[in-house]
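Survey of secondary and tertiary structure
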Amino acid sequence: MKDVRPTTSKALLALFNILGNITGKKFLDLFAGSGRVGLTALQKGTEVVTFVESERNRAAEIKNLLKGRGEVLCLDVRRALPKLLKANKHFDIIFADPPYELGWNEELISLFEKYSNLLKEDGIFVYEHSNHEFPAILNESVWQRQDRAYGLSVFSFYKRR
């Protein structure tokens, strides 16, 4: 099993301060790892969190912590996104925290563009990445991006214009 690099407490606090009131929102946690981000979203009042984690043991651990308050898909993100779209799921917030520096930059942005209909019209896509990585550019006439750095991590926030 690959090592988990949980979002730091400082970055997690900043993330939810930036997102503001998320009560009643639908949250998608991609590359969930320990589930810390999605579980915090539940504590902050989201209606539902869908976790996507490909490692079977981690997915089972998250499911045990949820006690029926969300959904866990034990799938690779590349398989989970089309499945969610086919199931007509839509989210207010999509959070993605792939393993740092393993080549996900281009692919994740490409996947997001392909499955951007999963994000509600006024939703937000948050991509956590290393400060050594630079995400591919989304169509700037459609998407606006704002970056916030916290130590070695950067949150890139994407919203439709």
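In short, a report on the structure. Worth saying up front: this structure is predicted, and the values here are computed from it rather than measured.

Some remarks on the sheet that holds strand S6 (residues 143-150)
- Spatially, seven strands are ordered S3-S2-S1-S4-S5-S7-S6 in an open sheet, and the strand pairing comes out mixed. Lying at the two open borders of the sheet, with one neighbouring strand each, are strand S3 (70-73) and S6. Here the strands of the sheet are splayed against their neighbours by 15° on average, with no regard to which way each runs.
- Sheet topology note: the strand S5 (residues 119-130)/strand S7 (residues 153-160) ladder contains seven bridges and is antiparallel. Opposite Phe125, over in S7, you have Tyr158 as the bridge partner.
- Against the sheet, helix H3 (residues 56-66) engages strand S2 (48-52) and S3, with an angle of about 170° to S3.
- In this fold helix H5 (residues 104-114) packs onto strand S4 (91-96), S5, S6 and S7, with an angle of close to 175° to the strand it touches most, S5.

Observations regarding the pattern of salt bridges
- Under the defined criterion, the tally for this structure stands at six salt bridges.
- The shortest N-O distance in the salt bridge between Asp76 and Arg78 comes to 2.8 Å.
- The class of Asp76 is partly exposed, set by a relative accessible area of 24%.
- Asp147 is paired through a salt bridge with Arg145; the nearest N and O atoms lie 2.8 Å apart.
- Classification of Asp147 by relative accessible area gives partly exposed; the value is 38%.
- Classification of Arg145 by relative accessible area gives partly exposed; the value is 34%.

A closer look at helix H2 (residues 36-43)
- Counting buried residues along H2, six of its eight residues qualify, which places the element largely inside the surrounding structure.
- Within H2 the residues assigned to the buried category are Val37, Gly38, Leu39, Thr40, Ala41 and Leu42.
- The inward-facing, buried residues of H2 abut helix H1 (9-19), strand S1 (26-30), S2, H3 and S4.
- Just beyond H2, the residue with positive phi is Gly45, at close to 105°.

Let's talk about unusual backbone geometry
- Positive phi, normally seen in glycine, also occurs at Phe31, with a value near 60°.
- Mapping Phe31 onto the fold places it in the loop between S1 and H2.
- What makes Phe31 buried here is its relative accessible area of 16%.

Thoughts on the side chain of Asp29
- Structurally, Asp29 can be placed in strand S1.
- Apart from residues no more than four positions distant in its own chain, Asp29 is found in contact with Gly35, Val37, Gly38, Val49, Thr50, Phe51, Val52 and Phe95.

Some words on the environment of Leu19
- Structurally, the position occupied by Leu19 is in helix H1.
- Between the C-alpha atoms of Leu19 and Ile124, which are 105 residues apart in sequence, the distance is 8.8 Å.
- Leaving out residues up to four positions away in the same chain, Leu19 has contacts with Phe27, Ile93, Ile124, Val126 and Phe157.

Rules used throughout
Residues numbered from 1 in each chain as written. Predicted model: local features only at pLDDT ≥ 70, side-chain atom pairs only at ≥ 80, totals over all residues. Heavy atoms only, no water. Pairing = 2+ DSSP bridges. Helix = DSSP H or I, 4+ residues; strand = E, 2+ residues; numbered from the N terminus. Axes fitted to C-alpha atoms, helices over the stretch in contact; angles between N-to-C directions. Contact = heavy atoms within 4.5 Å. Salt bridge = Lys/Arg side-chain N within 4 Å of Asp/Glu carboxyl O. Buried < 20%, exposed > 50% of the residue type's maximum accessible area, 1.4 Å probe, protein only.

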